[in-house]
Amino acid sequence: MLHLRIITPTGLTPTVLRELAEDPGVTHITSQRGAATEPPGDLVSCDVVRASANPLIQRLRSAGVPEHGGITMTELETVISAAAERAQAEIVTAEIDTIVWDEVSARTSDESAFSVSFGALMVLAGVIAAIAIVTNNPVLIVGAMIVSPDYGPMAALSVALISRAYGRALTSFTALALGFPLAALAALLVTLAARGLGRIPAPYLAGQRPLTGLLIGANLGAFVVAFTAGAAGIIALGRAKSGAVVGVLVSITTIPAASNVGVALAVGSPSESLKSLSILLVNLVGLLAGGLLTLLGIRAWARRIESGRAIVRPKPGKGGSVIS
C-alpha cells in the first residue's frame, strides 16, 4: 500500500475527503483542520491500495489539489490492519497496476539531469572499467557497472517519453550524451598514462583479451539482453525493488563498452573502438525499447482493468454502495 499526505485548502477539503471516502481502495483516513501553514490549509492523510492510486491521484489533480496544496506519497513496507485487508479485498485486481506513474516519475526525475556528481561517477566508472579491461578482471567490470549511474537517466528518458514530458526527456538524453563520452575519455586518458609508463599488462598487449570479446559483439543476442534488462528495470523501479535495479545494472555492458571505446583508441585499435561503440548503441537502444514497451504495456493493461472495474460494491462501514 501507499501512504498519501495531502495539503488542501479549506474550501477543497470536503471534496478531497469525499473522494477518499468513496474509493474502496482507501482506508485509514485522517484530517487535521488548519494544520498546514505553507501553503495554508488542512492536512489530510490516508493509505491507499496501489491499484487505486493512479485514478485517485488523477481525481485529486482534477479537483485542483496540486495547484493550491500538495500531495506526497510514500511506500508502506508493513501494514497491520483489518481495514487495510478489507481495502485490498475490495480491489479485485489488487496490485495489477505495477506502476504508480507519479511515483515513478518523481523517482526517475531525481536522477535524470547531468550534474557534477553524475559526471564524476561516470568518469570513475570509466576508469574502473578500463583497468578491468586491460587486466582481464571481471570483478572490476561488475564494480564499474554498479558505480555507473547511467541507468537513472535511461529510465527517466523512458518515463518522460511515455508521459510526453519532452523537456525532461531532453534533460535525460543530455545526461547520457555527456556522460558516456566522459567515461570513454577517462578510459582513454588512464590507458594512455598506463601505456606511457609501461604498465599495460603483457597478456593484454599480446592479444589475450577475454573480456574484450564481450564488448565488441553487437548482435541480436546483445539487443535481447538489453531489451529484457530495460523491461526488468522499469518494473523494479515501479515496485521500489532496488535490488532488482542493481541486477539490471550488472546484466548489460553500457559502461564497459563505453570505456573500451577509449581503451581501444589508446592502444591503437580504432576498429575495435568502433565495434565497442556499436554495442554501446545497441544496448542503449535495447534498454530504451524495453523500457518504453513495458510502460506502454502496463498502461494499456491497467486502463483495460480499470475500465472493467465499474462494479457496485458496498464500502465497509458506509451502508451504501460505491462505484469502484
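Analysis parameters
- Residues numbered from 1 in each chain as written.
- Predicted model: local features only at pLDDT ≥ 70, side-chain atom pairs only at ≥ 80, totals over all residues.
- Heavy atoms only, no water.
- Pairing = 2+ DSSP bridges.
- Helix = DSSP H or I, 4+ residues; strand = E, 2+ residues; numbered from the N terminus.
- Axes fitted to C-alpha atoms, helices over the stretch in contact; angles between N-to-C directions.
- Contact = heavy atoms within 4.5 Å.
- Patch = residues over 30% accessible without salt bridge, like charges linked within 9 Å, V, L, I, M, F, W, Y side chains within 5 Å.
- Areas by Shrake-Rupley, 256 points an atom, 1.4 Å probe, with all protein chains shown as cover.
- Salt bridge = Lys/Arg side-chain N within 4 Å of Asp/Glu carboxyl O.
- pLDDT = per-residue confidence, 0-100.
- Buried < 20%, exposed > 50% of the residue type's maximum accessible area, 1.4 Å probe, protein only.
- Parallel < 35°, antiparallel > 145°, perpendicular 65-115°, else oblique.
- Core = buried A, V, L, I, M, F, W, Y, C linked by side-chain atoms within 4.5 Å.

Further remarks concern the sheet that holds strand E1 (residues 2–8). Strand order in the open sheet formed by 4 strands is E2-E3-E1-E4, and the pairing between neighbours is antiparallel. Bordering the open sheet on either side are strand E2 (26–37) and strand E4 (70–75), each of which pairs with just one other strand. For this sheet the average axis-to-axis angle between neighbouring strands, irrespective of direction, equals 15°. Judged from the 7 bridges that link them, E1 and strand E3 (residues 40–48) form a sheet pairing that is antiparallel. Residue Arg5 lies in a different strand from E3, and its bridge partner there is Ser45. Against the sheet, helix H1 (residues 13–21) touches E1, E2 and E3, its axis set at about 165° to E2.

This part takes up a nonpolar patch on the surface. Where nonpolar side chains cluster on the molecular surface, the patch consists of Leu121, Leu124 and Val147 and spans about 220 Å² of accessible area. Along the polypeptide, Leu121 turns up in helix H6 (residues 116–135).

When pLDDT is averaged along the protein, the result is 85, and 86% of the positions lie at 70 or above. Mean pLDDT across the elements of the protein bottoms out in strand E6 (residues 322–323) (38) and peaks in E3 (96). Scored below 50 in pLDDT, residues 310–324 makes 32 contacts in the model with residues more than four places away or belonging to other chains.

Once that is clear, we can look at the pattern of salt bridges. Counting across every chain of the model gives 5 salt bridges. A salt bridge links Glu19 to Arg59; the shortest N-O distance between them is 2.8 Å. You can see Glu19 sitting in helix H1 and its partner Arg59 sitting in helix H2 (residues 50–63), a full 40 residues away along the chain. Exposure remark for Arg59: the relative accessible area of 29% places this residue in the partly exposed category. Shared partners join several salt bridges into a network, and the residues in it are Glu19, Asp23 and Arg59.

Think of two packed helices as two axes; the pair is described by the angle between the axes and how far apart they sit. The contact between H6 and helix H13 (residues 254–266) brings their axes to 8 Å, and the two run at 70°. In terms of axis orientation, H6 runs roughly perpendicular to H13. On the side of H6, the interface is formed by Met122, Ala125, Gly126, Ala129, Ala130, Ile133 and Val134, while H13 contributes Ile255, Pro256, Ser259, Asn260 and Val263.

Turning our eyes to something else, we now look at the nonpolar core. Among the nonpolar cores identified, the biggest contains 47 residues, and Tyr151, Phe180, Tyr204, Ile255, Val263 and Leu287 are the most heavily contacted of them. When contributions to this core are tallied by element, the ones reaching two or more residues are helix H5 (101–109), H6, helix H7 (138–147), helix H8 (151–162), helix H9 (166–196), helix H11 (220–238), H13 and helix H14 (270–307). Ranked by residues supplied to this core, first place goes to H6 with 8 residues. If near-sequence neighbours (up to four positions away) are discounted, Val263 is found in contact with Ala130, Ile133, Val134, Ala187, Leu188, Thr191 and Tyr204. With 15 residues, the next largest nonpolar core counts Ile6, Cys46, Val48 and Val100 among its residues.

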